[in-house]
Amino acid sequence: MGQIKLTNVKKSFGAVDVLHGIDLDIRGGELVVFVGPSGCGKSTLLRAIAGLEKITSGEIAIDGKPVNDVTAADRGLAMVFQSYALYPHMSVRQNLAFGLENSKMPKAEIKERITEAARMLEIEPYLERRPGQLSGGQRQRVAIGRAIVRRPVAFLLDEPLSNLDAELRVSTRAELAALHARLASTMIYVTHDQVEAMTLADRIVVLRAGRIEQVGSPLDLYNTPANRFVAGFIGAPHMNFLQATIASVTPESIVVTLPGDHRLEIPSKGSGLVQGAKVTLGVRPQHIGLGSGTTGANQSIPARIRLVEALGSETVIHADLAGEKMLVVVAGQHRLTPGADIDLSLSAAPIHLFDEKGLRIEHAV
Amino acid sequence: MGRTIGFILRRRGGKFWHWTDIVTWVWLIGGLLIMFGPALWLIFSSFKTPAALAEFPPSILPYASQQVTVQGYDKPLVLYDVTLPDGTTKKLAEVRRIGLFSQMVDPQTPGEPIRVSINDRKPVRALSFATENYTEPFVHFDFFRYLGNSVFVTVMATLITLVVNSMAAFALSKYEFRGRSFAMLIILATLMVPLSVIMVPLYSIISTLGLFNNLWGVILPTVATPTGVFILRQYMLTIPDELIDAARMDKASEWQIYWRIVLPLTAPALAVLAIFSVVWRWNDFLWPLIVLSRKELYTLQVGLSIYSGELNVQWHFILSMTVVTMIPVVLVFIFLQRFITTGIAGTGLK
Amino acid sequence: MSPSASLREIALTPVRVVMGLIDAPLRALQKRTGLSGMALFFLAPNMLIFGIFVLLPLAINFVYSLTGGSALFLPDRSYVGGNQYERLFDCSSYLDPLTCQEDAFWTAVSNTFWFVVLQVTFMILAALVTALILNRNLAARSFWRAVFFFPVLLSPVVVGLIWRWILQRQGLLNFILYPFGVEPYTWLTDRMWSFTAAVGVSLWAHMGFYALILLAGLQAIPKDLYEAADMDGTRPARVFWRITLPLLMPNLIVVIVLALIRSVQVFDEVYILTGGGPGTSTLFLTQYIYETGFVSQPRNPGLAAAASILMGLVLVVLTLLQLGLGRRGENKGKR
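Examining the overall build of chain A
For chain A, the helix and strand inventory stands at eight helices and 21 strands. Counting every position in chain A, which comprises 365 residues, the buried fraction comes to 51%. In chain A, of all internal contacts separated by at least 6 residues, the share reaching a separation of at least 24 is 65%. Counting every atom, chain A has about 16,500 Å² of accessible surface; 50% of that belongs to carbon and sulfur. Computing the positive centroid from 39 side-chain charges and the negative centroid from 38, chain A places the two 5 Å apart.

In structure tokens, the structure reads:
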């Protein structure tokens with residue numbers, strides 16, 4: 001139950017292509033997160049699956065049956081909208097009942113389902129209130145409840161947390177994860193927030209400009225991003241990118257030249273790494289250490305501190321490497337002054353390399 | 001007390017009356033008299049007897065001469081205060097007037113007629129409301145029927161306007177379809193088409209459809225108001241599309257979305273349009289005058305205008321019926337004024 | 001449930017039943033036609049009625065103006081080309097209506113012109129003053145607003161009758177003037193006074209509407225602008241000319257053009273008040289069209305249609321003026 005298969009799905013609004021042939025296989029019971037910057041087509045894709053947008057070509061199949069010509073109402077899916085889209089003139093109970101009444105369900109069963117969902121989401125005290133009398137978090141629960149009572153084949157959630165304040169977002173996120181574990185039904189979740197994606201997803205689908213950039217588990221994406229875009233998008237703060245040229249290649253390692261003519265040795269078994277090739281070197285801020293000057297040659301790079309943000313548990317350093325900005329996050333508290341020179345140690349850091357097209361170069365040891 | 005007055009007469013600032021304060025209060029008090037005065041005058045006049053209406057100078061409140069029934073006379077006689085030659089005053093009833101003299105009797109002693117100069121007598125008058133001005137026209141002039149016709153036209157036209165306009169506004173605000181911008185263009189372009197520009201061909205169309213001398217001929221041309229479609233559409237545009245998507249996911253049909261989701265949420269705009277429609281249709285004059293030529297079909301406005309255009313205007317009836325015609329609008333004004341003023345301020349329609 | 005809520009339930013039940021019954025066939029329709037088909041379904045009733053009773057007349061009005069005779073139905077009428085227009089424009093001197101073949105038309109045009117000029121001028125001035133006064137820090141402002149707005153809702157027939165009653169010989173006006181030694185006068189039998197009365201009465205009836213729109217415009221001007229001007233020590237007159245008036249301009253333009261458009265169509269209340277008289281001193285265009293097309297014997301629908309088209313052209317020009325000026329005003333508003 002709840003398998004959704006997209007085959008070469010395309011969508012254009014007039015002359016503008018929004019989705020360029022999406023292929024995706026969502027397994028039953030999986031929580032898949034569509035993530036990407038705004039305008040990447042993730043919401044359009046979700047609405048296409050829901051049946052709210054007609055696709056231009058391709059096929060959408062639910063549990064093996066093509067649903068291209070099935071209306072939104074009959075696809076058996078339920079959706080939680082970004083604005084919650086609760087009917088403002090109906091009580092919470094009527095909001096939950098509306099969809100069930102439309103499918104001519106017996107009154108007793110409607111009542112039973114509402115009671116059950118209300119208990120699960122702890123919204124029993126508000127059942128007779130109107131949405132306007134509820135707080136943002138309560139409305140959010142009602143919106144989820146409206147989806148739950150339908151017992152849908154799959155849940156579609158369109159940025160459901162974006163209207164909540166930061167604190168509530170964290171707790172609701174955890175509740176959503178628990179809910180998914182409990183219901184064990186397919187969920188497709190759209191967000192532009194990669195933290196939500198990382199914490200919730202079984203699998204993440206990264207979208208950009210109407211194309212899938214990468215599909216994989218959160219840690220796959222974090223550890224082996226398929227391209228520069230995914231590498232930059234997943235992880236906070238963003239990965240540092242440095243333009244580099246391969247100076248020499250040995251079977252055990254390569255040496256690259258960084259801005260400011262610094263040399264850096266990277267352990268590598270890479271094939272296809274050619275001397276003189278231009279590559280982009282990526283390293284996450286958390287993976288950079290503070291060198292003491294005694295670190296081995298070619299394993300650290302000198303930089304100048306521009307700004308220090310002491311957060312207590314960690315220290316964020318904005319550094320300058322021959323005009324390139326570098327961000328470093330180190331644990332603990334450090335006495336550093338802007339303007340001072342430091343050594344950034346990359347000896348322990350996983351180094352990502354991307355070719356000129358931005359694709360990942362495998363060079364793992 | 002002094003404080004209240006101080007609050008009501010708030011001034012521009014400072015201790016002295018600025019000239020703008022004076023202008024303000026002259027304008028406000030003058031406005032009060034000029035705007036309400038005529039209507040009050042109409043109401044007071046409507047309770048006067050025909051005789052009192054013909055008097056000059058008129059009294060403000062309705063006074064009527066008092067009458068008494070005197071033994072030996074069939075008809076009631078008018079009572080006068082009379083100054084007798086000996087300087088005493090007495091209440092006497094007038095039997096008849098002969099030239100400059102009047103033959104009078106004392107109601108207590110009807111047997112002895114007294115001759116009095118007409119300059120020495122003054123009618124005894126008391127505040128009295130000629131309510132028969134209100135009751136008789138219903139019998140004589142079919143005013144009940146006119147009232148019924150007006151109510152029918154107003155209610156039907158308003159109901160149809162609300163349904164038809166809201167449906168069109170729903171289509172124009174929540175659907176993408178070919179010809180939508182064309183339909184919008186037509187509606188905007190005809191916002192200002194007045195009846196006077198199309199009354200000749202419209203009349204022939206009404207006649208062709210057999211709606212001449214038919215209340216539906218009055219109703220139908222007024223119901224598809226571009227103004228109504230326009231304000232409802234503007235309002236519906238503010239209803240989030242996600243609500244409609246949500247309803248579609250909830251297996252609602254488009255018709256259900258229209259009447260269970262969109263209509264309830266458009267209630268404020270519908271209320272404004274309903275109030276306006278009631279006032280417009282109740283007040284309509286020229287078109288009903290053209291379409292309705294049979295007496296029993298007249299609306300109040302037409303009936304009033306026909307009777308007031310007669311050679312011998314029976315003002316005592318006309319005035320009272322004018323008051324009756326005014327009542328619904330005044331009620332709307334008193335209870336729904338806030339709606340109307342904000343409606344006009346927001347949309348600029350009348 | 002509160003009593004009012006249950007009353008509402010009772011009132012709504014028949015509506016629910018009807019709407020529910022309609023739903024089944026409409027669901028079938030939706031299955032067949034899809035969403036865009038439903039859109040047309042929702043649009044259809046309004047557009048049908050609108051097409052028959054507004055667009056069609058608009059379209060055939062011109063055809064009417066090219067035909068002659070007194071027959072009502074178009075097929076029974078004979079084609080006369082531009083004769084009706086020639087007849088309307090047949091004048092020895094356009095400055096003197098009496099030299100025209102259709103002297104009534106030109107009298108109506110001239111009367112309407114002067115009516116528009118006078119009525120709109122005084123209307124805008126009065127509405128502006130009223131709005132400025134109502135915008136002051138008044139106690140019971142909504143009461144005062146209601147005072148000036150009250151006549152707007154009255155029907156033209158009621159307005160006409162109220163004032164006919166006041167201006168007659170035993171009327172209120174003579175009563176008020178009597179102590180000042182003015183002999184009772186039948187104002188509406190005097191050409192000059194009846195025209196003045198027509199202007200004044202329509203002013204009385206409509207001024208509140210325009211004042212209300214201007215008041216809304218005034219209230220939309222941010223208070224901090226006035227506070228800033230106050231801090232700069234600007235004199236009140238200068239505040240009016242340099243802040244209030246420029247920012248009110250978009251509303252003022254709307255009000256002026258709206259007043260012009262309405263004023264050109266003047267009819268109902270004046271018709272009841274004076275019947276167009278005495279003579280033709282208060283005969284206006286709409287009344288001319290009405291009487292030519294429906295009252296005169298024999299009636300002349302072709303001539304009425306031609307006159308109504310000429311009037312329509314004036315309204316089109318005014319509407320375009322509003323759209324043009326309105327856009328400029330909007331841009332100004334955005335600064």
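Description of the overall build of chain C
Counting its regular elements, chain C contains twelve helices and two strands. Order of helices (α) and strands (β) in chain C, N terminus to C terminus: α-β-β-α-α-α-α-α-α-α-α-α-α-α. For a compact globule of 335 residues, the expected C-alpha radius of gyration is about 20 Å, and chain C comes in at 26 Å, more than 25% above that figure. A principal-axis box enclosing the C-alpha atoms of chain C has dimensions of 70 × 70 × 45 Å. The 335 residues of chain C split such that 50% are buried. Once local pairs closer than 6 in sequence are excluded, the contacts in chain C between residues at least 24 apart make up 62%. Accessible surface, chain C: about 16,100 Å² in total, of which carbon and sulfur atoms supply 67%. Computing the positive centroid from 24 side-chain charges and the negative centroid from 18, chain C places the two 11 Å apart.

Some words on the packing of aromatic side chains
The final tally for this structure, using the stated rule, is 45 aromatic pairs over all chains. Seen in terms of ring centroids, Phe170(B) and Tyr258(B) are 5.7 Å apart; in terms of plane orientation they differ by 40 degrees. Their pairing is tilted. Taken as a pair, Phe170(B) in helix H5 (residues 143–174) and Tyr258(B) in helix H11 (residues 254–265) lie far apart in primary sequence, 88 residues in all. Taken as a pair, Phe170(B) and Tyr258(B) share a single burial class, namely buried. Ring pairing ties together the aromatic residues Tyr203(B), Phe212(B), Phe285(B), Phe267(C), Tyr271(C), Tyr290(C) and Phe294(C), which thus form one cluster. It is Arg146(A) that lies over the ring of Tyr87(A); its NZ or CZ is 4.9 Å from the centre. Its guanidinium or amino end placed over the ring of Phe241(A), Arg228(A) lies 4.3 Å from that ring's centre, counting from NZ or CZ.

Notes on the interface of chain C and chain B
Contact residues are listed per partner, giving 103 residues for chain C and 103 residues for chain B. Overall, the association of chain C and chain B removes approximately 9,300 Å² of surface from exposure, summing both partners, and the carbon and sulfur fraction of that is 78%. Among the residues chain C hides against chain B, the three largest losses belong to Phe42(C), Phe53(C) and Trp165(C). Together they make up 9% of the total. Counting across the chain C and chain B interface gives one salt bridge. As a salt-bridge pair, Arg136(C) and Asp21(B) come within 2.8 Å of each other at their nearest N and O atoms. Our count for the contact surface shared by chain C and chain B stands at 16 residue pairs in polar contact (both at pLDDT 80 or more).

Looking at the domain arrangement of chain C
Where the parts come together, the accessible area they lose is often given as the size of the interface. According to the domain assignment, chain C contains domain 1 (3–54) and domain 2 (83–334). The C-alpha centroid of domain 2 of chain C is placed 41 Å from the C-alpha centroid of domain 1 of chain C.

Brief notes about the interface of chain A and chain B
Tallying the contact residues gives 28 residues for chain A and 15 residues for chain B. Connecting chain A to chain B are four salt bridges. We note a salt bridge from Arg260(B) to Glu101(A), for which the minimum N-O separation is 3.9 Å. Here chain A is connected to chain B by eleven residue pairs in polar contact (both at pLDDT 80 or more). Residue assignment for the side of chain A that touches chain B shows that the elements contributing at least two residues are helix H1 (42–50), strand S6 (77–80), helix H2 (92–102) and strand S7 (154–158) of chain A.

Observations regarding the domain arrangement of chain A
All names here are of chain A. By the assigned domains, chain A splits into domain 1 (4–233) and domain 2 (240–361). Spacing between the C-alpha centres of domain 1 and domain 2 amounts to 39 Å. Each partner contributes to the interface: domain 1 provides ten residues, whereas domain 2 provides eleven residues. Interface area, domain 1 with domain 2, both sides summed: about 860 Å², of which 55% is carbon and sulfur. Where domain 1 packs against domain 2, one counts zero salt bridges. The interface formed by domain 1 and domain 2 contains four residue pairs in polar contact (both at pLDDT 80 or more). Those elements giving two or more residues to the side of domain 1 that touches domain 2 turn out to be helix H7 (218–223) and helix H8 (228–233).

Concerning the sheet that holds strand S1 (residues 4–13) of chain A
Residues and elements named next belong to chain A. Ordered by their spatial adjacency, four strands build an open sheet running S2-S1-S4-S5, and the pairing between neighbours is antiparallel. The outermost strands of the open sheet, each flanked by one partner alone, are strand S2 (16–26) and strand S5 (65–66). Sheet topology note: the S1/S2 ladder contains eight bridges and is antiparallel. Along S2, the bridge assignment pairs Lys-10 with His-20. Taken strand by strand, H1 contacts S1, S2 and strand S4 (57–62), and its axis lies near 115 degrees from that of S1.

What to know about the sheet that holds strand S19 (residues 341–345) of chain A
Hydrogen bonds along the backbone pair up the strands of a sheet, which may run parallel or antiparallel. Residue and element names in this part refer to chain A. The five strands lie next to each other as S15-S19-S16-S17-S18, forming an open sheet whose pairing is antiparallel. The open sheet has two edge strands with one neighbour each: strand S15 (289–291) and strand S18 (324–331). The mean inter-strand angle of the sheet, taken between neighbouring strand axes irrespective of direction, is 50 degrees.

Structural notes on helix H2 (residues 19–46) of chain B
Because an α-helix packs 3.6 residues into every turn, residues spaced three or four apart end up facing the same way. Taking 1.5 Å of rise per residue, the 28 residues of H2(B) would be expected to cover 40 Å, and the 40 Å separating its terminal C-alpha atoms lies within 8% of that figure. When the local axis directions of H2(B) are compared, the greatest deviation, roughly 40 degrees, occurs at Gly37(B), which is followed within four positions by the proline Pro38(B).

A look at the layout of surface pockets
Roughly 1,600 Å³ of volume is contained in the second largest pocket. Elements that contribute at least two residues to the lining of the second largest pocket include exactly H2 and helix H3 (107–121) of chain A, H5, H11 and helix H12 (267–283) of chain B together with helix H1 (3–65) of chain C. When residues of the lining of the second largest pocket are assigned to their parent elements, the largest contribution, seven residues, is made by H1(C). Across the lining of the second largest pocket, the residue classes tally to 21 nonpolar, four polar and ten charged.

Looking at the pairing of strand S8 (residues 186–191) of chain A
Residues and elements named next belong to chain A. Counting buried positions along S8 yields six of six residues, so the element is predominantly enclosed. For strand S3 (residues 31–35) and S8, the ladder comprises five bridges, and the chain directions are parallel. Among the inter-strand pairings, Val-35 is bridged to a residue of S8, identified as Thr-191.

Observations regarding the pattern of salt bridges
Any two side chains of opposite charge can pair, so long as their charged atoms come close to each other. All names here are of chain A. Summed over all chains, the structure comprises 23 salt bridges over all chains. When the shortest N-O distance is used, the salt bridge between Glu-30 and Arg-203 registers 2.5 Å. Of the two residues, Glu-30 sits in the loop between S2 and S3 while Arg-203 sits in strand S9 (residues 203–208), which places them 173 residues apart along the sequence. Exposure remark for Glu-30: the relative accessible area of 5% places this residue in the buried category. Under the relative-accessibility criterion, Arg-203 is labelled buried at 16%.

Thoughts on H1(A)
In terms of burial, H1(A) is largely enclosed, as eight of its nine residues are buried. Looking one or two residues beyond H1(A), the residue adopting positive phi is Gly51(A), at roughly 95 degrees.

Re a nonpolar patch on the surface
A contiguous nonpolar patch, built from Phe113(C), Trp114(C), Val117(C), Leu118(C), Phe122(C) and Leu125(C) and spanning about 580 Å² of accessible area, is present on the exposed surface. Inspection of the secondary structure assignment puts Trp114(C) in helix H3 (residues 103–134).

Observations regarding the packing of H5(B) against helix H9 (residues 226–236) of chain B
Residue and element names in this part refer to chain B. The geometry of H5 relative to H9 is characterised by a closest axis approach of 8 Å and an angle of 45 degrees between their N-to-C directions. By the angle between their directions, the pair H5 and H9 is classed as oblique. Crossing geometry of H5 relative to H9 is assigned as right-handed. Of the residues in H9, those in contact with Asn-165, Ser-166, Ala-168, Ala-169, Phe-170, Leu-172, Ser-173 and Lys-174 of H5 are Gly-228, Val-229, Leu-232, Arg-233 and Met-236. When its residues are assigned to classes, the contact of H5 with H9 shows seven nonpolar, four polar and two charged.

Focus: the packing of H9(B) against H12(B)
Helix packing geometry: the angle between the two helix axes and the distance between the axes. Residue and element names in this part refer to chain B. Viewed as axis vectors pointing N to C, H9 and H12 meet at an angle of 160 degrees, and their least axial separation amounts to 9 Å. With respect to their mutual orientation, H9 and H12 come out roughly antiparallel. In terms of crossing hand, the pair formed by H9 and H12 is right-handed. Residues Gly-228, Ile-231, Leu-232 and Tyr-235 of H9 pack against Pro-268, Ala-269, Leu-270 and Leu-273 of H12. Of the residues assigned to the contact of H9 with H12, the class counts are seven nonpolar, one polar and no charged.

Thoughts on the nonpolar core
As a rule of thumb, soluble globular proteins bury nonpolar side chains together. Counting residues in each nonpolar core, the largest one holds 234 residues, and the members touching the most others are Leu6(A), Phe34(A), Leu156(A), Phe170(B), Met249(B) and Phe42(C). Leaving out residues up to four positions away in the same chain, Leu156(A) has contacts with Leu46(A), Ile49(A), Ala50(A), Leu77(A), Ala78(A), Met79(A), Val80(A), Ile188(A) and Met249(B). In this structure, Val33(A), Leu127(A), Ile148(A) and Ile204(A) belong to the second largest nonpolar core, which totals 47 residues.

Cut-offs used in this document
Along each chain, the written sequence defines residue order, and numbers are assigned to residues from 1. As they are written, the chains are lettered A onward and the ligands numbered 1 onward, keeping that order. Under the rules for a predicted model, residues below a pLDDT of 70 receive no local features and side-chain atom pairs below 80 are neither given nor counted, while totals for whole chains, interfaces and linings still include all residues. Computation of side-chain values covers all heavy atoms of the structure but excludes hydrogens and water. Strands are runs of DSSP state E lasting at least 2 residues, helices are runs of H or I lasting at least 4, and numbering of each runs from the N terminus. Relative accessibility under 20% of the residue-type maximum defines a buried residue, over 50% an exposed one, and the middle range a partly exposed one, all with a 1.4 Å probe and only protein chains included. Residue contacts are counted whenever heavy atoms from the two residues lie within 4.5 Å of one another. Working definition of accessibility: Shrake-Rupley area with a 1.4 Å probe, residue cover restricted to the visible protein chains. Only four residue types enter the tally: Lys and Arg on the positive side, Asp and Glu on the negative side; His and the chain ends are excluded. Positions of charges follow a simple convention, taking NZ of Lys, CZ of Arg, CG of Asp or CD of Glu. Atoms counted for the radius of gyration: C-alpha only. Globule rule: 2.2 Å times residue count to the power 0.38. Note on aromatic contacts: the rings of Phe and Tyr and the six-membered ring of Trp form a pair at centre separations within 6.5 Å, being stacked when their planes are under 30 degrees apart, edge-to-face when over 60 apart, and tilted otherwise. We call a charge positioned over a ring when the NZ of a Lys or the CZ of an Arg lies within 6 Å of the ring centre and within 35 degrees of the ring normal. Note: buried area is the sum, over both parts, of the accessible area (probe 1.4 Å) each one loses when the two are combined. The term salt bridge refers to a side-chain nitrogen of Lys or Arg lying within 4 Å of a carboxyl oxygen of Asp or Glu. Polar contacts here mean pairs of N or O atoms no more than 3.5 Å apart (in protein, one a potential hydrogen donor and the other a potential acceptor; neighbouring residues in sequence count only if both atoms are side-chain atoms). All the domain ranges listed were derived from an automatic or database domain assignment. By definition, two strands form a pair when at least two bridges between them are found by DSSP. The angle between two axes is taken between their N-to-C directions and runs from 0 to 180 degrees, where each axis is a line fitted to C-alpha atoms and a helix contributes only its stretch in contact. Expected helix span is computed as 1.5 Å times (number of residues minus one). Here the bend at each residue means the angle between axes fitted to two seven-residue stretches, the one ending at that residue and the one beginning there. Residues are said to line a cavity or pocket when one of their atoms sits within 4 Å of a point; the points come from a 1 Å grid over protein atoms alone, cavities being sets where a 1.4 Å probe fits but cannot get out and pockets being open sets with protein on both sides within 12 Å along at least five of seven lines. Grid points are joined across faces, edges and corners, and a volume is the space filled by probe spheres set on the points. Throughout, the ten residues Ala, Val, Leu, Ile, Met, Phe, Trp, Tyr, Cys and Pro are labelled nonpolar, Asp, Glu, Lys and Arg are labelled charged, and all others, Gly among them, are labelled polar. Within the patch definition used here, like charges are joined within 9 Å and nonpolar side chains (Val, Leu, Ile, Met, Phe, Trp, Tyr) within 5 Å, considering only residues with over 30% relative accessible area and no salt bridge. Put simply, angles under 35 degrees are roughly parallel, angles over 145 are roughly antiparallel, angles from 65 to 115 are roughly perpendicular, and the rest are oblique. If you view the pair so one helix is near and one far, a crossing is left-handed when the near helix is turned anticlockwise from the far one by less than a right angle, and right-handed when it is turned clockwise. Buried residues of nine kinds, namely Ala, Val, Leu, Ile, Met, Phe, Trp, Tyr and Cys, make up a nonpolar core once their side-chain atoms join them within 4.5 Å.

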